[in-house]
There are 2 protein chains.
Amino acid sequence: MSRYPITASNRVRRMPKRGHYDRDTVHAIIDEAMVCHVAFAPGGVPTVIPTLHARLGDALLLHGSRASRLMKHLGEGHPVSVAITLVDGIVLARSVFHSSMNYRSVVIHGRATPIEDDAGKLTALEAFAEQVARGRWADARKPTRKELKATSVVSIPIESAAAKVRSGPPMDDDEDYDLPIWAGVLPLTLRAGTPIPDPRLGRGLTTPAYVRRYKRRVRADAS
Amino acid sequence: MSRYPITASNRVRRMPKRGHYDRDTVHAIIDEAMVCHVAFAPGGVPTVIPTLHARLGDALLLHGSRASRLMKHLGEGHPVSVAITLVDGIVLARSVFHSSMNYRSVVIHGRATPIEDDAGKLTALEAFAEQVARGRWADARKPTRKELKATSVVSIPIESAAAKVRSGPPMDDDEDYDLPIWAGVLPLTLRAGTPIPDPRLGRGLTTPAYVRRYKRRVRADAS
(Lines give C-alpha, C1' and ligand atoms only; values in the text may rest on other atoms or scores of the structure.)
Protein backbone atom coordinates (compact mmCIF):
# COMPACT_ATOMS: atom_id res chain seq x y z
CA MET A 1 0.00 0.00 0.00
CA SER A 2 1.43 3.31 -1.10
CA ARG A 3 1.42 6.01 1.59
CA TYR A 4 1.99 9.73 1.81
CA PRO A 5 4.75 10.66 4.27
CA ILE A 6 3.48 11.64 7.73
CA THR A 7 4.91 15.03 8.69
CA ALA A 8 4.15 17.86 11.10
CA SER A 9 1.85 19.46 8.54
CA ASN A 10 -0.42 16.48 7.77
CA ARG A 11 -0.33 14.36 10.96
CA VAL A 12 -3.84 13.88 12.36
CA ARG A 13 -3.58 15.23 15.91
CA ARG A 14 -7.16 14.95 17.19
CA MET A 15 -8.34 11.30 17.18
CA PRO A 16 -5.13 9.96 15.57
CA LYS A 17 -6.67 6.49 15.04
CA ARG A 18 -9.02 8.08 12.51
CA GLY A 19 -6.00 9.16 10.40
CA HIS A 20 -5.19 7.49 7.06
CA TYR A 21 -2.23 8.28 4.84
CA ASP A 22 -2.50 5.70 2.07
CA ARG A 23 -3.03 6.89 -1.50
CA ASP A 24 -6.07 4.67 -2.16
CA THR A 25 -8.07 6.10 0.74
CA VAL A 26 -7.07 9.70 -0.01
CA HIS A 27 -7.73 9.41 -3.76
CA ALA A 28 -11.12 7.69 -3.35
CA ILE A 29 -12.39 10.54 -1.13
CA ILE A 30 -11.14 13.22 -3.55
CA ASP A 31 -12.70 11.41 -6.51
CA GLU A 32 -16.12 10.92 -4.91
CA ALA A 33 -16.49 14.50 -3.69
CA MET A 34 -18.44 17.07 -5.69
CA VAL A 35 -16.82 20.12 -4.14
CA CYS A 36 -13.78 21.15 -2.10
CA HIS A 37 -13.05 24.07 0.24
CA VAL A 38 -9.92 26.10 -0.43
CA ALA A 39 -8.32 28.21 2.30
CA PHE A 40 -5.85 30.94 1.50
CA ALA A 41 -4.56 33.78 3.62
CA PRO A 42 -3.64 36.97 1.75
CA GLY A 43 -1.90 39.24 4.25
CA GLY A 44 -2.22 36.48 6.85
CA VAL A 45 -6.05 36.78 7.01
CA PRO A 46 -7.75 33.44 6.26
CA THR A 47 -10.50 33.09 3.67
CA VAL A 48 -12.24 29.90 2.59
CA ILE A 49 -14.10 29.38 -0.68
CA PRO A 50 -16.00 26.38 -2.08
CA THR A 51 -15.05 25.32 -5.58
CA LEU A 52 -14.87 22.32 -7.90
CA HIS A 53 -11.75 20.20 -8.05
CA ALA A 54 -10.31 17.38 -10.09
CA ARG A 55 -7.46 14.93 -9.61
CA LEU A 56 -4.80 13.90 -12.09
CA GLY A 57 -2.57 11.27 -10.51
CA ASP A 58 -0.94 12.84 -7.45
CA ALA A 59 -2.08 16.38 -8.24
CA LEU A 60 -5.22 18.21 -7.16
CA LEU A 61 -6.42 20.68 -9.78
CA LEU A 62 -8.40 23.86 -9.18
CA HIS A 63 -9.71 26.22 -11.83
CA GLY A 64 -11.44 29.55 -12.10
CA SER A 65 -11.69 32.77 -14.00
CA ARG A 66 -8.35 34.39 -14.81
CA ALA A 67 -9.69 37.47 -13.02
CA SER A 68 -10.45 35.63 -9.76
CA ARG A 69 -8.66 36.71 -6.61
CA LEU A 70 -8.21 33.09 -5.51
CA MET A 71 -6.64 32.00 -8.80
CA LYS A 72 -4.24 34.97 -8.86
CA HIS A 73 -3.20 34.34 -5.26
CA LEU A 74 -2.70 30.60 -5.78
CA GLY A 75 -0.83 31.15 -9.03
CA GLU A 76 1.72 33.21 -7.10
CA GLY A 77 2.63 30.12 -5.08
CA HIS A 78 1.37 31.17 -1.63
CA PRO A 79 0.54 28.38 0.84
CA VAL A 80 -2.91 26.85 0.43
CA SER A 81 -5.00 24.31 2.26
CA VAL A 82 -7.80 22.28 0.70
CA ALA A 83 -10.41 20.20 2.53
CA ILE A 84 -12.65 17.63 0.88
CA THR A 85 -15.44 16.19 3.01
CA LEU A 86 -18.01 13.44 2.49
CA VAL A 87 -20.79 13.19 5.07
CA ASP A 88 -21.83 9.55 5.49
CA GLY A 89 -24.19 9.58 8.44
CA ILE A 90 -25.37 10.90 11.77
CA VAL A 91 -24.06 8.98 14.77
CA LEU A 92 -26.69 9.13 17.49
CA ALA A 93 -25.01 8.05 20.71
CA ARG A 94 -26.98 7.72 23.92
CA SER A 95 -25.05 10.73 25.27
CA VAL A 96 -24.90 14.07 23.50
CA PHE A 97 -21.17 14.07 24.31
CA HIS A 98 -20.41 11.00 22.18
CA SER A 99 -22.80 11.87 19.37
CA SER A 100 -20.89 12.41 16.16
CA MET A 101 -20.89 12.10 12.38
CA ASN A 102 -19.64 9.35 10.11
CA TYR A 103 -17.53 11.08 7.49
CA ARG A 104 -14.52 10.77 5.22
CA SER A 105 -12.36 13.84 4.77
CA VAL A 106 -9.03 14.80 3.27
CA VAL A 107 -6.96 17.86 4.09
CA ILE A 108 -4.11 18.89 1.80
CA HIS A 109 -1.45 21.52 2.44
CA GLY A 110 0.79 22.82 -0.28
CA ARG A 111 1.55 25.44 -2.84
CA ALA A 112 0.02 25.62 -6.29
CA THR A 113 1.72 25.79 -9.65
CA PRO A 114 -0.15 27.36 -12.58
CA ILE A 115 -0.78 25.24 -15.67
CA GLU A 116 -0.20 27.69 -18.49
CA ASP A 117 -0.03 25.76 -21.76
CA ASP A 118 -3.20 25.04 -23.79
CA ALA A 119 -2.64 21.28 -23.94
CA GLY A 120 -2.19 21.04 -20.16
CA LYS A 121 -5.26 23.22 -19.55
CA LEU A 122 -7.35 21.12 -21.92
CA THR A 123 -6.38 17.91 -20.11
CA ALA A 124 -7.26 19.59 -16.81
CA LEU A 125 -10.65 20.79 -18.07
CA GLU A 126 -11.43 17.26 -19.24
CA ALA A 127 -10.65 16.07 -15.70
CA PHE A 128 -13.03 18.70 -14.21
CA ALA A 129 -15.85 17.77 -16.61
CA GLU A 130 -15.39 14.07 -15.83
CA GLN A 131 -15.13 14.71 -12.08
CA VAL A 132 -18.62 16.21 -12.14
CA ALA A 133 -20.31 13.89 -14.64
CA ARG A 134 -18.41 10.98 -16.04
CA GLY A 135 -18.99 10.70 -19.78
CA ARG A 136 -19.77 14.40 -20.29
CA TRP A 137 -16.51 15.45 -21.96
CA ALA A 138 -17.16 13.31 -25.04
CA ASP A 139 -20.60 14.93 -25.55
CA ALA A 140 -20.04 18.58 -24.66
CA ARG A 141 -18.74 21.41 -26.82
CA LYS A 142 -15.02 21.62 -26.01
CA PRO A 143 -13.36 24.86 -24.87
CA THR A 144 -12.21 27.29 -27.54
CA ARG A 145 -8.76 28.95 -27.38
CA LYS A 146 -10.43 32.12 -26.11
CA GLU A 147 -12.18 30.17 -23.33
CA LEU A 148 -8.90 28.46 -22.42
CA LYS A 149 -7.26 31.90 -22.18
CA ALA A 150 -10.04 33.11 -19.84
CA THR A 151 -9.55 30.12 -17.52
CA SER A 152 -6.81 29.72 -14.92
CA VAL A 153 -5.83 26.25 -13.76
CA VAL A 154 -3.48 25.45 -10.91
CA SER A 155 -2.06 22.15 -9.71
CA ILE A 156 -1.37 21.32 -6.05
CA PRO A 157 0.71 18.25 -5.21
CA ILE A 158 -1.19 15.82 -2.93
CA GLU A 159 2.04 15.02 -1.03
CA SER A 160 1.08 16.49 2.31
CA ALA A 161 -2.33 14.88 2.60
CA ALA A 162 -4.15 13.06 5.35
CA ALA A 163 -7.55 11.43 5.37
CA LYS A 164 -9.71 11.24 8.46
CA VAL A 165 -12.47 8.66 8.56
CA ARG A 166 -15.14 7.78 11.09
CA SER A 167 -17.46 4.88 10.42
CA GLY A 168 -19.52 2.40 12.39
CA PRO A 169 -21.86 2.57 15.39
CA PRO A 170 -21.79 5.04 18.29
CA MET A 171 -19.27 4.46 21.08
CA ASP A 172 -20.92 5.28 24.38
CA ASP A 173 -19.50 5.23 27.89
CA ASP A 174 -19.97 1.77 29.46
CA GLU A 175 -22.44 2.99 32.06
CA ASP A 176 -24.66 4.60 29.38
CA TYR A 177 -25.48 1.38 27.45
CA ASP A 178 -28.27 0.53 29.90
CA LEU A 179 -30.09 3.85 29.41
CA PRO A 180 -33.47 3.51 27.65
CA ILE A 181 -32.31 5.71 24.74
CA TRP A 182 -32.36 4.67 21.08
CA ALA A 183 -28.89 4.79 19.53
CA GLY A 184 -27.59 4.07 16.06
CA VAL A 185 -26.53 5.58 12.76
CA LEU A 186 -28.66 7.39 10.22
CA PRO A 187 -26.89 7.01 6.85
CA LEU A 188 -26.76 10.08 4.58
CA THR A 189 -26.02 9.99 0.85
CA LEU A 190 -25.86 12.60 -1.88
CA ARG A 191 -28.43 11.30 -4.39
CA ALA A 192 -29.29 12.39 -7.89
CA GLY A 193 -32.93 13.17 -8.66
CA THR A 194 -34.76 13.23 -11.99
CA PRO A 195 -32.86 15.20 -14.67
CA ILE A 196 -34.50 18.53 -15.62
CA PRO A 197 -34.02 19.17 -19.35
CA ASP A 198 -33.12 22.74 -20.34
CA PRO A 199 -36.35 24.58 -21.32
CA ARG A 200 -34.53 25.50 -24.56
CA LEU A 201 -33.51 21.89 -25.30
CA GLY A 202 -33.49 21.01 -29.00
CA ARG A 203 -36.18 18.57 -30.22
CA GLY A 204 -35.34 14.90 -30.31
CA LEU A 205 -32.45 15.12 -27.84
CA THR A 206 -32.75 12.37 -25.23
CA THR A 207 -31.18 12.36 -21.77
CA PRO A 208 -27.81 10.54 -21.94
CA ALA A 209 -27.33 7.37 -19.89
CA TYR A 210 -24.57 8.96 -17.75
CA VAL A 211 -27.16 11.53 -16.61
CA ARG A 212 -30.12 9.12 -16.25
CA ARG A 213 -28.09 6.56 -14.28
CA TYR A 214 -25.92 9.04 -12.45
CA LYS A 215 -24.09 7.86 -9.36
CA ARG A 216 -21.27 9.32 -7.29
CA ARG A 217 -18.63 6.66 -6.89
CA VAL A 218 -14.99 5.91 -6.77
CA ARG A 219 -13.46 5.99 -10.22
CA ALA A 220 -12.78 2.53 -11.55
CA ASP A 221 -9.34 3.67 -12.69
CA ALA A 222 -8.45 5.39 -9.40
CA SER A 223 -4.72 5.13 -8.88
CA MET B 1 -35.95 42.32 4.64
CA SER B 2 -33.10 42.52 7.09
CA ARG B 3 -29.67 42.64 5.48
CA TYR B 4 -26.07 42.30 6.57
CA PRO B 5 -23.96 45.35 5.65
CA ILE B 6 -21.99 44.94 2.42
CA THR B 7 -18.32 45.72 3.07
CA ALA B 8 -14.95 45.05 1.49
CA SER B 9 -14.69 41.77 3.40
CA ASN B 10 -18.01 40.18 2.38
CA ARG B 11 -18.81 41.72 -1.03
CA VAL B 12 -19.22 38.99 -3.68
CA ARG B 13 -16.67 39.93 -6.33
CA ARG B 14 -16.95 37.08 -8.83
CA MET B 15 -20.47 36.88 -10.32
CA PRO B 16 -21.87 39.71 -8.12
CA LYS B 17 -25.47 38.99 -9.21
CA ARG B 18 -25.21 35.68 -7.35
CA GLY B 19 -24.58 37.57 -4.09
CA HIS B 20 -27.20 37.76 -1.33
CA TYR B 21 -26.87 39.65 1.95
CA ASP B 22 -30.29 39.23 3.55
CA ARG B 23 -30.55 37.41 6.87
CA ASP B 24 -33.23 34.95 5.71
CA THR B 25 -31.13 33.59 2.84
CA VAL B 26 -27.95 33.42 4.93
CA HIS B 27 -29.65 31.77 7.92
CA ALA B 28 -31.55 29.19 5.83
CA ILE B 29 -28.28 27.96 4.26
CA ILE B 30 -26.51 27.75 7.61
CA ASP B 31 -29.45 25.89 9.14
CA GLU B 32 -29.78 23.32 6.37
CA ALA B 33 -26.07 22.44 6.20
CA MET B 34 -24.68 19.43 8.01
CA VAL B 35 -21.09 20.63 8.13
CA CYS B 36 -19.02 23.77 7.70
CA HIS B 37 -15.38 24.41 6.74
CA VAL B 38 -13.32 26.60 9.05
CA ALA B 39 -10.18 28.36 7.81
CA PHE B 40 -7.61 29.72 10.21
CA ALA B 41 -4.04 30.83 9.63
CA PRO B 42 -1.65 30.35 12.55
CA GLY B 43 1.57 32.14 11.61
CA GLY B 44 -0.10 33.27 8.39
CA VAL B 45 -0.28 29.72 6.98
CA PRO B 46 -3.86 28.75 6.04
CA THR B 47 -5.48 25.53 7.24
CA VAL B 48 -9.04 24.39 6.65
CA ILE B 49 -10.94 21.85 8.73
CA PRO B 50 -14.48 20.44 8.41
CA THR B 51 -16.57 20.55 11.55
CA LEU B 52 -20.15 20.77 12.80
CA HIS B 53 -21.75 24.14 13.42
CA ALA B 54 -24.91 25.57 14.93
CA ARG B 55 -26.60 28.93 14.81
CA LEU B 56 -28.09 30.94 17.66
CA GLY B 57 -29.66 34.11 16.29
CA ASP B 58 -26.90 36.12 14.63
CA ALA B 59 -24.05 33.97 15.96
CA LEU B 60 -22.40 30.93 14.41
CA LEU B 61 -21.21 28.43 17.02
CA LEU B 62 -18.31 25.99 16.70
CA HIS B 63 -17.26 23.43 19.27
CA GLY B 64 -14.51 20.92 19.86
CA SER B 65 -12.27 19.35 22.41
CA ARG B 66 -10.61 21.79 24.78
CA ALA B 67 -7.30 20.31 23.60
CA SER B 68 -7.94 21.03 19.90
CA ARG B 69 -5.57 23.34 18.07
CA LEU B 70 -8.45 24.97 16.21
CA MET B 71 -10.43 25.72 19.36
CA LYS B 72 -7.39 27.18 21.14
CA HIS B 73 -6.55 29.35 18.15
CA LEU B 74 -10.11 30.59 17.68
CA GLY B 75 -10.54 31.23 21.41
CA GLU B 76 -7.60 33.64 21.21
CA GLY B 77 -9.61 35.84 18.83
CA HIS B 78 -7.56 35.42 15.65
CA PRO B 79 -9.36 36.08 12.34
CA VAL B 80 -11.37 33.14 11.03
CA SER B 81 -13.35 32.38 7.91
CA VAL B 82 -16.15 29.82 7.69
CA ALA B 83 -17.77 28.48 4.53
CA ILE B 84 -21.04 26.57 4.43
CA THR B 85 -21.99 24.97 1.14
CA LEU B 86 -25.06 23.12 -0.13
CA VAL B 87 -24.74 21.36 -3.48
CA ASP B 88 -28.09 21.43 -5.31
CA GLY B 89 -27.32 20.11 -8.75
CA ILE B 90 -25.06 19.65 -11.74
CA VAL B 91 -25.58 22.21 -14.49
CA LEU B 92 -24.81 20.53 -17.80
CA ALA B 93 -24.43 23.29 -20.36
CA ARG B 94 -23.85 22.47 -24.02
CA SER B 95 -20.33 23.91 -23.65
CA VAL B 96 -17.85 22.70 -21.04
CA PHE B 97 -17.06 26.39 -20.42
CA HIS B 98 -20.57 27.24 -19.17
CA SER B 99 -21.09 23.99 -17.26
CA SER B 100 -21.49 24.68 -13.58
CA MET B 101 -23.15 23.67 -10.34
CA ASN B 102 -26.32 24.84 -8.66
CA TYR B 103 -25.38 25.61 -5.07
CA ARG B 104 -26.09 27.79 -2.08
CA SER B 105 -23.10 28.91 -0.01
CA VAL B 106 -22.32 31.30 2.80
CA VAL B 107 -18.92 32.70 3.70
CA ILE B 108 -18.40 34.40 7.05
CA HIS B 109 -15.39 36.40 8.21
CA GLY B 110 -14.86 37.36 11.80
CA ARG B 111 -13.25 36.66 15.12
CA ALA B 112 -14.54 34.18 17.66
CA THR B 113 -15.35 34.74 21.33
CA PRO B 114 -15.20 31.76 23.69
CA ILE B 115 -18.35 30.81 25.60
CA GLU B 116 -17.01 29.88 29.02
CA ASP B 117 -19.93 29.57 31.42
CA ASP B 118 -21.74 26.24 31.88
CA ALA B 119 -25.21 27.64 31.11
CA GLY B 120 -24.03 29.22 27.84
CA LYS B 121 -22.20 26.03 26.85
CA LEU B 122 -25.27 23.91 27.58
CA THR B 123 -27.47 26.14 25.40
CA ALA B 124 -24.84 25.87 22.64
CA LEU B 125 -24.64 22.07 22.90
CA GLU B 126 -28.41 21.87 22.62
CA ALA B 127 -28.16 23.94 19.41
CA PHE B 128 -25.52 21.52 18.01
CA ALA B 129 -27.61 18.45 18.86
CA GLU B 130 -30.70 20.01 17.25
CA GLN B 131 -28.73 21.20 14.20
CA VAL B 132 -27.83 17.59 13.44
CA ALA B 133 -31.10 15.87 14.37
CA ARG B 134 -34.04 17.93 15.46
CA GLY B 135 -35.70 16.35 18.48
CA ARG B 136 -32.57 14.57 19.71
CA TRP B 137 -31.74 16.84 22.66
CA ALA B 138 -34.91 15.86 24.55
CA ASP B 139 -34.06 12.13 24.24
CA ALA B 140 -30.30 12.01 24.71
CA ARG B 141 -28.27 11.88 27.92
CA LYS B 142 -27.30 15.51 28.60
CA PRO B 143 -23.68 16.57 29.13
CA THR B 144 -22.22 16.27 32.62
CA ARG B 145 -20.18 19.08 34.20
CA LYS B 146 -17.02 17.12 33.40
CA GLU B 147 -18.06 16.80 29.74
CA LEU B 148 -18.88 20.52 29.60
CA LYS B 149 -15.40 21.24 30.98
CA ALA B 150 -13.81 19.08 28.26
CA THR B 151 -15.67 20.94 25.49
CA SER B 152 -14.75 24.33 24.07
CA VAL B 153 -17.41 26.44 22.39
CA VAL B 154 -16.82 29.64 20.46
CA SER B 155 -19.24 32.12 18.95
CA ILE B 156 -18.61 34.05 15.72
CA PRO B 157 -20.86 36.99 14.81
CA ILE B 158 -22.54 36.47 11.40
CA GLU B 159 -22.18 40.22 10.65
CA SER B 160 -19.75 39.96 7.78
CA ALA B 161 -21.59 37.28 5.82
CA ALA B 162 -22.51 36.85 2.20
CA ALA B 163 -24.48 34.11 0.49
CA LYS B 164 -23.83 33.08 -3.08
CA VAL B 165 -26.56 31.19 -4.92
CA ARG B 166 -26.82 29.69 -8.39
CA SER B 167 -30.05 28.06 -9.48
CA GLY B 168 -31.90 27.33 -12.68
CA PRO B 169 -30.98 26.00 -16.12
CA PRO B 170 -27.65 26.31 -17.95
CA MET B 171 -26.86 29.59 -19.70
CA ASP B 172 -25.13 28.81 -22.97
CA ASP B 173 -23.72 31.14 -25.58
CA ASP B 174 -26.44 32.02 -28.14
CA GLU B 175 -24.71 30.21 -30.98
CA ASP B 176 -24.48 26.97 -28.93
CA TYR B 177 -28.23 26.44 -28.46
CA ASP B 178 -28.52 24.78 -31.88
CA LEU B 179 -25.87 22.16 -31.13
CA PRO B 180 -27.27 18.61 -30.88
CA ILE B 181 -26.13 18.28 -27.24
CA TRP B 182 -28.40 17.42 -24.31
CA ALA B 183 -28.39 20.15 -21.66
CA GLY B 184 -30.12 20.53 -18.33
CA VAL B 185 -29.77 20.18 -14.59
CA LEU B 186 -29.30 17.02 -12.57
CA PRO B 187 -30.62 17.77 -9.05
CA LEU B 188 -28.60 16.46 -6.10
CA THR B 189 -29.91 16.08 -2.55
CA LEU B 190 -28.45 14.77 0.68
CA ARG B 191 -30.90 12.00 1.62
CA ALA B 192 -31.28 9.91 4.72
CA GLY B 193 -31.31 6.14 4.33
CA THR B 194 -32.68 3.45 6.64
CA PRO B 195 -31.56 3.93 10.27
CA ILE B 196 -29.04 1.32 11.49
CA PRO B 197 -29.72 0.51 15.16
CA ASP B 198 -26.64 0.18 17.40
CA PRO B 199 -25.73 -3.56 17.66
CA ARG B 200 -25.81 -3.05 21.45
CA LEU B 201 -29.27 -1.44 21.42
CA GLY B 202 -31.40 -2.30 24.47
CA ARG B 203 -34.44 -4.54 23.85
CA GLY B 204 -37.76 -2.88 23.15
CA LEU B 205 -36.27 0.46 22.07
CA THR B 206 -37.92 1.62 18.84
CA THR B 207 -36.50 4.10 16.34
CA PRO B 208 -37.78 7.60 17.18
CA ALA B 209 -39.94 9.45 14.61
CA TYR B 210 -37.32 12.23 14.16
CA VAL B 211 -34.89 9.53 12.96
CA ARG B 212 -37.37 7.50 10.88
CA ARG B 213 -38.77 10.57 9.10
CA TYR B 214 -35.53 12.51 9.01
CA LYS B 215 -35.28 15.41 6.57
CA ARG B 216 -32.82 18.25 6.17
CA ARG B 217 -34.79 21.46 6.02
CA VAL B 218 -34.90 25.06 7.03
CA ARG B 219 -35.90 25.44 10.66
CA ALA B 220 -39.49 26.53 11.07
CA ASP B 221 -38.39 29.08 13.65
CA ALA B 222 -35.47 30.43 11.58
CA SER B 223 -35.03 34.09 12.38
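Further up the page is the structure itself.
These remarks concern the structure in this document.

A look at the overall build of chain A
Right, on to step 1. Within chain A, the regular secondary structure consists of 6 helices and 12 strands.
Right, on to step 2. Looking at chain A residue by residue over its 223 residues, the buried ones come to 52%.
Right, on to step 3. When contacts within chain A are restricted to residue pairs at least 6 apart in sequence, long-range pairs at least 24 apart make up 71% of them.
Right, on to step 4. When the accessible surface of chain A is split by element, carbon and sulfur atoms take 54% of a total near 10200 Å².
Right, on to step 5. Side chains of chain A give 33 positive and 23 negative charges; the mean places of these two sets differ by 7 Å.

Side note on the sheet that holds strand β4 (residues 54-56) of chain B
Residue and element names in this part refer to chain B.
Right, on to step 1. An order of β4-β5-β9-β8 is seen for the 4 strands of this open sheet, with the pairing classed as antiparallel. At either end of the open sheet lies a strand with only one pairing partner, and these are β4 and β8 (113-115). Taking the axes of each pair of neighbouring strands and ignoring which way they run, one obtains an average angle of 35 degrees across the sheet.
Right, on to step 2. When β4 meets strand β5 (residues 59-65), the two strands line up antiparallel, connected through 3 bridges. Looking across to β5, one finds that Ala54 is bridged to Leu61.

Regarding the environment of Phe97(A)
Right, on to step 1. As for its placement among the helices and strands, Phe97(A) is situated in the loop between β6 (79-92) and β7 (100-111).
Right, on to step 2. The exposure class assigned to Phe97(A) is partly exposed, which follows from its relative accessible area of 35%.
Right, on to step 3. Setting aside residues up to four positions removed in sequence, Phe97(A) forms contacts with Glu147(B), Ala150(B) and Thr151(B).

Looking at the relation of the copies chain A and chain B
Right, on to step 1. Superposition record for chain A on chain B: RMSD 0.0 Å, screw rotation 180 degrees, translation along axis 0.0 Å. Here the symmetry operator amounts to a two-fold rotation axis.

Section: the sheet that holds strand β9 (residues 151-157) of chain A
All names here are of chain A.
Right, on to step 1. Read from one edge of the open sheet, 4 strands run β4-β5-β9-β8, paired in antiparallel fashion. The two strands at the open ends of the sheet, each matched to only one other strand, are β4 (53-56) and β8 (113-115). Sheet twist, expressed as the average angle between the axes of neighbouring strands with direction ignored, equals 35 degrees.
Right, on to step 2. Looking at chain direction, strand β5 (residues 59-65) and β9 are connected through 7 bridges and run antiparallel. The partner of Leu61 across the bridge, within β9, is Ser155.

A look at the packing of aromatic side chains
Right, on to step 1. Following the criterion strictly, the structure yields 0 aromatic pairs over all chains and no others.
Right, on to step 2. Over the ring of Trp137(A) we find Lys142(A), and its NZ or CZ is 5.5 Å from the ring centre.

Thresholds applied
- Residues numbered from 1 in each chain as written.
- Chains lettered and ligands numbered in written order.
- Predicted model: local features only at pLDDT ≥ 70, side-chain atom pairs only at ≥ 80, totals over all residues.
- Heavy atoms only, no water.
- Helix = DSSP H or I, 4+ residues; strand = E, 2+ residues; numbered from the N terminus.
- Buried < 20%, exposed > 50% of the residue type's maximum accessible area, 1.4 Å probe, protein only.
- Contact = heavy atoms within 4.5 Å.
- Areas by Shrake-Rupley, 256 points an atom, 1.4 Å probe, with all protein chains shown as cover.
- Lys, Arg positive; Asp, Glu negative; His and termini not counted.
- Charge placed at Lys NZ, Arg CZ, Asp CG, Glu CD.
- Pairing = 2+ DSSP bridges.
- Axes fitted to C-alpha atoms, helices over the stretch in contact; angles between N-to-C directions.
- Least-squares fit on C-alpha atoms with pLDDT ≥ 70 in both.
- Phe/Tyr/Trp six-rings, centres within 6.5 Å; stacked < 30°, edge-to-face > 60°.
- Lys NZ or Arg CZ within 6 Å of the ring centre and 35° of its normal.

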